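# Architecture and fold: a report
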Amino acid sequence: MTNLLVKRAKALHLGPANYCWLLDPSKALCRKLAGTHARGATEPLIGMCDSARCPQATHHAGHRPVWAASADSKKVFIATIGRAQRTEKTRLSTELARDERVLAEIDALSRTGA
């Protein structure tokens, strides 16, 4: 049992917005995005992390404030964007939807006690 826990503990990387369980580096979205630049890396590439899309990332109640602040700031930016900047408004709206999806998942897990 100890050996299994040690293996899992070595794969866990704690972040402010998610926990990364880097059990299979070939499935890590950050590594896929980095391509050949990620060869030989032993940890996740935090600067390229998109935890809302990565299958190895998990979100927990402690991460909620980070996601809520991100969603709030996007709402403010979207409200100030003019008509001429439709592309930027669309991009931010997509990111806001992703933030809100993660918040809903965190809230659902908090209600179930998981």
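First, a word on what this report is: a plain description of the structure on this page. (Residues numbered from 1 in each chain as written. Predicted model: local features only at pLDDT ≥ 70, side-chain atom pairs only at ≥ 80, totals over all residues. Heavy atoms only, no water.)

### Quick word on the overall build of the chain
As a reminder, the rule being used: The way it works is that DSSP assigns letters per residue, a run of H or I at least four long becomes a helix, a run of E at least two long becomes a strand, and they are numbered from the N terminus. This radius of gyration counts C-alpha atoms alone. The globule rule is 2.2 Å times how many residues there are, raised to the power 0.38. Between buried and exposed lies partly exposed: a residue is buried under 20% and exposed over 50% of the maximum accessible area for its type, with that area taken using a 1.4 Å probe on protein chains only.
Within the chain one finds four helices and three strands. Starting at the N terminus and ending at the C terminus, the chain contains elements arranged as α-β-β-α-β-α-α. Relative to a compact globule of 114 residues, whose C-alpha radius of gyration would be 13 Å, the chain shows 17 Å and is clearly more extended. Expressed along its principal axes, the backbone C-alpha trace of the chain runs to roughly 55 × 40 × 15 Å. The buried share of the chain, reckoned over its 114 residues, is 30%.

### Describing the state of the cysteines
We apply this condition: Two cysteine sulfurs form a disulfide in these notes if their separation is within 2.5 Å.
On inspection of all chains with the given rule, the structure shows zero disulfides. Free of any disulfide, Cys30 has its nearest neighbouring cysteine sulfur in Cys20, separated by 6.1 Å. Among the cysteines around Cys49, which has no disulfide bond, Cys30 carries the closest sulfur, lying 6.4 Å off. Given a relative accessible area of 35%, Cys49 falls into the partly exposed group.

### Some thoughts on the sheet that holds strand 1 (residues 12–14)
We apply this condition: Strand pairing requires that DSSP identify at least two bridges connecting the strands.
Reading across from one edge, 1-2-3 is the order of the three strands in this open sheet, with antiparallel pairing throughout. Each end of this open sheet is capped by a strand with a single partner; those strands are strand 1 and strand 3 (57–58). Sheet analysis places strand 1 next to strand 2 (residues 19–21), joined by three bridges and oriented antiparallel. The residue bridging His13 from the neighbouring strand is Cys20, located in strand 2.

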